[in-house]
Amino acid sequence: MVLKIHGHAVAPLVRLVAEVCQEKEVPYELVNVEVYKGEHKTPAFREFQPFGQVPYIDDDGFILYESRAICRYIAKKYASQGTPDLVPRDPKAEAIFEQAVSIETSNFYPFALGITTEKIIKKHRGLEPNEARLSDLVNNLKAKLDVYDVILGKQEYLAGGSITLADLFHLPYGTIVFEELGYDLLEDRPNVARWWKDITARPSWLAVKAKA
């Protein structure tokens, strides 16, 4: 039975899960959820995702939600195919990988998500962005990316010499901030710019960039 991703095709974290499926050469079916009509908040959807968020997966009856957990599951279950070691197996390499994941979770995602909320999500809700908060988010992200530039000046990817999920986790919201919203935060950070060009050029991401 093919793995099913329940979510909306353009939802950032749905695209992330689809990207990892592409990396691991895992066939999948996207089961559309009409998020703009509130389908993800219905009792039927919450039976499988109690927080009413997309995506969740159904892998032959195995239900899993939270995109990062889903990506880890796919990378480990299909470790022998597709891009290798998206989750490293050596204990020390895995520890460095988890460190890199924490970097993204703490030092990138909150700010990129916040910018997306102010510029896009509020617009969909008929609200104006909070310009002071937006400025603070951008400045914080700039400071974090300065540190990224130091790290990526010493190694090719965030967890070392090979790409891992820690790098791929940046793709959905990084694409929104750097490309869709046009925030020029890479020009003065050559190592980040090199890394970003590398990960965004992956065929797996290009296949799902517009929609999962």
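Coordinates for the structure precede this section.
Residues numbered from 1 in each chain as written. Predicted model: local features only at pLDDT ≥ 70, side-chain atom pairs only at ≥ 80, totals over all residues. Heavy atoms only, no water.

### Digging into the side chain of threonine 164
- Topologically, threonine 164 is positioned in the loop between helix H6 (131-152) and helix H7 (165-168).
- According to the relative accessible area criterion, threonine 164 is buried, its value standing at 3%.
- For threonine 164, the residues in contact, after removing those within four places along its chain, are Asp85, Leu86, Pro88, Phe97 and Ala159. (Helix = DSSP H or I, 4+ residues; strand = E, 2+ residues; numbered from the N terminus. Buried < 20%, exposed > 50% of the residue type's maximum accessible area, 1.4 Å probe, protein only. Contact = heavy atoms within 4.5 Å.)

### Some thoughts on the pairing of strand E4 (residues 62-65)
- Examined bridge by bridge, strand E3 (residues 56-59) and E4 share four bridges and lie antiparallel to one another. What sits directly across from aspartate 59, in E4, is phenylalanine 62. (Pairing = 2+ DSSP bridges.)

### Overview of helix H5 (residues 109-124)
- The sharpest bend along H5 reaches about 45° and sits at threonine 117.
- Within the sequence span of H5, burial applies to Phe111, Ala112, Gly114, Ile115, Thr116, Glu118 and Lys122.
- At its buried positions, H5 is contacted by helix H4 (91-107), H6 and helix H8 (171-180).
- Two residues or fewer past H5, glycine 126 is found with a positive phi of approximately 75°. (Bend = angle between axes of the 7 residues up to and from the residue.)

### Examining the pattern of salt bridges
- Taken as a whole, this structure holds nine salt bridges when the rule is applied.
- A salt bridge links arginine 72 to glutamate 98; the nearest nitrogen and oxygen atoms lie 2.9 Å apart. Of this pair, arginine 72 sits in helix H3 (residues 67-77) while glutamate 98 sits in helix H4, and the two are 26 residues apart along the sequence.
- Across the salt bridge formed by glutamate 179 and lysine 209, the nearest N and O atoms sit 2.7 Å from each other. (Salt bridge = Lys/Arg side-chain N within 4 Å of Asp/Glu carboxyl O.)

### Section: the pairing of strand E1 (residues 3-7)
- Within E1, four of the five residues are buried, leaving the element largely enclosed by the surrounding structure.
- At this point the chain moves from E1, through helix H1 (residues 12-23), to the parallel strand E2 (residues 28-32), and the crossover so formed is right-handed.
- Relative to E3, E1 is paired through three bridges, and the arrangement is antiparallel. Opposite isoleucine 5, over in E3, you have isoleucine 57 as the bridge partner. (Right-handed = clockwise from strand over helix to strand, strands pointing away.)

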